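Listed below, chain by chain, are the residues.
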Amino acid sequence: MMNNAKKYNVRLIIAVILLLSVGSFTILKTQEFNQNDNLIEVLHDLGQDYPDHYIEKPDSIDIKRGYDLIHTGKTKPPDGFASKAISKFYTCTSCHNVEREDPDLTLVDQDARLEYAIENDLPYLQGSTFWGIVNRESWYNDDYILKYGSLVEDAKNSLKGSIQLCATVCSQGRELEEWEMKSILSYLSTLQMKMKDLEMNDTDIQKMNSLAKSNPDSAIAFIKSHYLTKSPATFSELPESKEKGYPLEGRPKYGKAIYELGCQHCHHAYGESDLVLDNSVLTFKWLKKHMPESSKKSIYEIIRNGSYSELGHKEYMPNYTLEKMSHQQVEDLRAYIESNLK
């Protein structure tokens with residue numbers, strides 16, 4: 001009798017375990033994602049590993065410190081009253097926005113980005129936005145190796161590495177401490193994409209949930225088809241003749257926006273640059289005069305090639321890649337400058 005009772009109990013336990021296992025499996029496979037889910041969590045639930053920069057449940061104090069470091073370059077450290085500035089010359093927001101920049105996340109469209117900047121009063125900058133940066137899979141892409149060489153190797157596939165490269169080389173500053181890196185990543189995690197940012201319609205959502213149950217890898221691929229996992233970067237050539245420019249008709253309306261949202265973001269009184277670009281006729285005459293030159297005073301040279309730090313003058317201007325400012329938009333800027341001289 002005892003043996004039979006023991007066998008019964010063992011069978012009962014096994015049956016319960018199997019039932020629970022099947023139940024858990026069913027719950028996993030019937031889980032449906034919604035528009036408010038964080039993209040990183042959805043991809044993880046589908047089987048993708050968390051990225052190295054993932055911060056689980058970031059602390060509010062770390063988020064605040066990260067915000068300060070991104071926007072002002074320093075903050076109150078865990079010990080002490082004030083941290084040393086990351087850079088004497090720049091903050092992260094000198095070159096990067098912290099808000100969405102593109103209406104369509106699946107493609108590079110310079111005019112759409114500019115229109116979006118105009119509508120939302122966003123700076124039109126050389127660097128990619130920090131919004132959604134934790135959702136990307138590579139940084140310092142494509143032609144940035146032409147500028148930074150082997151330094152890109154540790155940065156391209158690591159957000160942490162790219163932040164250190166930006167702090168020490170691009171910003172002409174210092175290496176971040178461990179607590180600072182954690183704080184910045186904590187703040188950047190608040191700028192991550194949610195499913196609703198991919199703007200899937202109801203049919204897309206149904207397809208994604210269906211794939212999640214039957215083929216998680218296909219579900220991951222389908223989700224990633226709705227946004228770029230990297231910011232392409234192409235260093236572009238100068239026009240054959242800076243006197244003639246690119247063979248395109250300039251649009252002063254868009255040139256005005258580029259001048260105000262791009263150039264004047266840094267070139268203002270007490271700004272990152274010593275050169276102040278105001279709205280006076282003298283300034284527009286100066287820009288027009290130097291336009292055909294082979295020097296950093298030419299808008300063609302400075303936009304396409306940028307400048308480099310020099311002994312005694314570490315401030316420099318990063319170039320605009322083709323993805324960040326098209327040939328058409330360079331001619332738009334020229335047209336605006338010339339329109340102020342008529």
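What you see is a predicted model; the values in this text were computed from it and never measured. (Residues numbered from 1 in each chain as written. Predicted model: local features only at pLDDT ≥ 70, side-chain atom pairs only at ≥ 80, totals over all residues. Heavy atoms only, no water.)

Novice: Explain the overall build of the protein to me, please; I cannot follow it from the model alone.
Specialist: The secondary structure content of the protein amounts to 13 helices and zero strands. Scanning the protein from its N terminus toward the C terminus, one meets helices and strands in the order α-α-α-α-α-α-α-α-α-α-α-α-α. Burial status across the protein gives 45% buried among its 342 residues. Long-range pairs, those at least 24 residues apart, make up 68% of the contacts in the protein with a sequence separation of at least 6. (Helix = DSSP H or I, 4+ residues; strand = E, 2+ residues; numbered from the N terminus. Buried < 20%, exposed > 50% of the residue type's maximum accessible area, 1.4 Å probe, protein only. Contact = heavy atoms within 4.5 Å.)

Novice: What should I look at first to understand the environment of leucine 69 in this one?
Specialist: As for its position among the elements, leucine 69 is in helix 3 (residues 60–71). Looking at leucine 69, the relative accessible area reads 0%, which means it is buried. For leucine 69 and tyrosine 187, which are 118 residues apart along the polypeptide, the C-alpha to C-alpha distance reads 9.4 Å. Excluding residues that lie within four positions of it along the chain, leucine 69 makes contacts with Lys74, Thr75, Ser83, Ile86, Cys92, Glu180, Ser183 and Ile184.

Novice: Is there a simple way to explain the pattern of salt bridges in this structure?
Specialist: Once their charged atoms are close, side chains differing in charge can pair, the charge on each being opposite to the other. Here the structure, examined in full by the defined rule, presents 15 salt bridges. Between arginine 251 and aspartate 111 there is a salt bridge, and its shortest N-O distance comes to 3.1 Å. Of the two residues, arginine 251 sits in the loop between helix 9 (216–224) and helix 10 (252–266) while aspartate 111 sits in helix 4 (residues 110–120), which places them 140 residues apart along the sequence. Relative accessible area serves as the criterion here: at 24%, arginine 251 is assigned to the partly exposed category. A salt bridge links aspartate 142 to lysine 230, with the nearest nitrogen and oxygen atoms 2.8 Å apart. In this pair, aspartate 142 is assigned in the loop between helix 4 and helix 5 (144–148) and lysine 230 in the loop between helix 9 and helix 10, connecting sequence segments 88 residues apart. A cluster of three or more residues bridged by salt bridges with shared partners is formed by Asp62, Arg65 and Lys182. (Salt bridge = Lys/Arg side-chain N within 4 Å of Asp/Glu carboxyl O.)

What is shown is where atoms sit, not what they do.
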